[in-house]
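Observations on the model geometry
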Amino acid sequence: WDFPTRPPDAPPDMPRNVVVWLGQAYTWPVRTDVTVPATGGAVYELIAGQRVSPQTAADGRWVLPADLTTVEGRVFVFLPRAIAGVDLAASPQAGDGRPSGWRVRVVDDAGQPVSALVPVRVELIDPRGVSKAVRYPAVGPAGVEETFRIPATGLAGQWRIHAGELLSGLGVEKTITVAAPSPA
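Residues numbered from 1 in each chain as written. Predicted model: local features only at pLDDT ≥ 70, side-chain atom pairs only at ≥ 80, totals over all residues. Heavy atoms only, no water.

**Focus on the nonpolar core**
- Ranked by size, the top nonpolar core spans 30 residues in total, and within it Tyr44, Leu79, Val104, Val122, Leu124, Ile161 and Ile176 carry the most contacts.
- Every element with two or more residues in this core is listed here: β4 (42–45), β8 (73–79), β9 (83–90), β11 (99–108), β12 (118–125), β15 (144–149), β16 (157–165) and β17 (171–178).
- Ranked by residue count, the leading element in this core is β12, at four residues.
- When near neighbours in sequence (up to four residues on either side) are disregarded, isoleucine 176 contacts Ser91, Pro92, Gln93, Ala94, Ser100, Leu124, Ile150, Gly157, Gln158, Trp159 and Ile161.
- In this structure, Val43, Val52, Ala66 and Phe78 belong to the second largest nonpolar core, which totals nine residues. (Core = buried A, V, L, I, M, F, W, Y, C linked by side-chain atoms within 4.5 Å. Buried < 20%, exposed > 50% of the residue type's maximum accessible area, 1.4 Å probe, protein only. Helix = DSSP H or I, 4+ residues; strand = E, 2+ residues; numbered from the N terminus. Contact = heavy atoms within 4.5 Å.)

Shown next as structure tokens:
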């Protein structure tokens, strides 16, 4: 199946970028190849969270391996350029129940925002290493801006916000200093 995944602010000529290949792994282990038109750019497999290196067939099309021995499907994502990293900006301080703002965007190997919706996992982690909140935004070229609210009774110290995009597994982390709660 081919699903359109253009971000709302994308130009009308931007190509769709997701192909889903489903097999019958529940019946017997299947390893097969998926052949698609060569598009240039980079290919990622969403379920594995990694970049795929396509082989080129004699007719010039790309051949992608699809190992369905442990899953019932694979999701191939085609981007015009390779993902180079995640940009994360976060409020350096928080406390007393105030929200801590953050902004995330995914950039390509030319340093530009990726022109597609990219799944990202953003996690707030307390000083003990305990996950306190998680968001899963689809990040387009404009990025995503949200907040985490650190409880007024939260631990003082160094909290972390980790943002990782789910196509290649690249991520980044920022530290937030949380002040001790004000005395009542």
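There's more to say after this.
**Quick look at the sheet that holds strand β7 (residues 62–67)**
- With antiparallel pairing, three strands are arranged side by side in an open sheet as β3-β7-β6. Here the strands that pair on one side only, and so sit at the sheet edges, are β3 (31–36) and β6 (55–56).
- Bridge analysis of β3 against β7 gives six bridges, and the strand direction is antiparallel. Each bridged residue has a counterpart across the sheet, and for valine 36 the counterpart in β7 is tryptophan 62. (Pairing = 2+ DSSP bridges.)

**A look at the environment of alanine 84**
- Counting through the fold element by element, alanine 84 comes out in strand β9.
- On the basis of relative accessibility, which here comes to 46%, the residue alanine 84 falls in the partly exposed class.
- Note: C-alpha distance between alanine 84 and proline 113 (29 residues apart in sequence) is 9.8 Å.

**A few points about the side chain of serine 100**
- One can find serine 100 in strand β11.
- Serine 100 gets classed as buried once you look at its relative accessible area, which sits at 0%.
- Non-local contacts of serine 100, meaning those with residues more than four positions away in its chain, are made with Ser91, Ala94, Glu146, Thr147, Phe148, Ile150, Ile161 and Ile176.

**As for the packing of aromatic side chains**
- As enumerated under the stated definition, the model contains two aromatic pairs in all.
- Centroid distance tryptophan 62 to phenylalanine 78: 6.4 Å. Interplanar angle 15 degrees. Geometry classified as stacked. Of the two residues, tryptophan 62 sits in strand β7 while phenylalanine 78 sits in strand β8, which places them 16 residues apart along the sequence.
- Looking at tryptophan 62, the relative accessible area reads 10%, which means it is buried.
- When the centroid spacing of 5.6 Å and the interplanar angle of 35 degrees are considered together, the rings of tryptophan 102 and phenylalanine 148 count as tilted. Remark: phenylalanine 148 occurs in strand β15 and tryptophan 102 occurs in strand β11; sequence separation between them is 46 residues. (Phe/Tyr/Trp six-rings, centres within 6.5 Å; stacked < 30°, edge-to-face > 60°.)

**Observations concerning the pattern of salt bridges**
- Under the definition given, this model contains eleven salt bridges.
- In this structure, the salt-bridge partner of arginine 81 is aspartate 109, at a minimum N-O distance of 2.7 Å. With arginine 81 in the loop between β8 and β9 and aspartate 109 in the loop between β11 and β12, this residue pair connects regions lying 28 residues apart in the sequence.
- Judged by relative accessible area, arginine 81 falls into the partly exposed class, the value being 40%.
- In this structure, glutamate 173 engages arginine 160 in a salt bridge whose closest nitrogen and oxygen atoms are separated by 3.3 Å. (Salt bridge = Lys/Arg side-chain N within 4 Å of Asp/Glu carboxyl O.)

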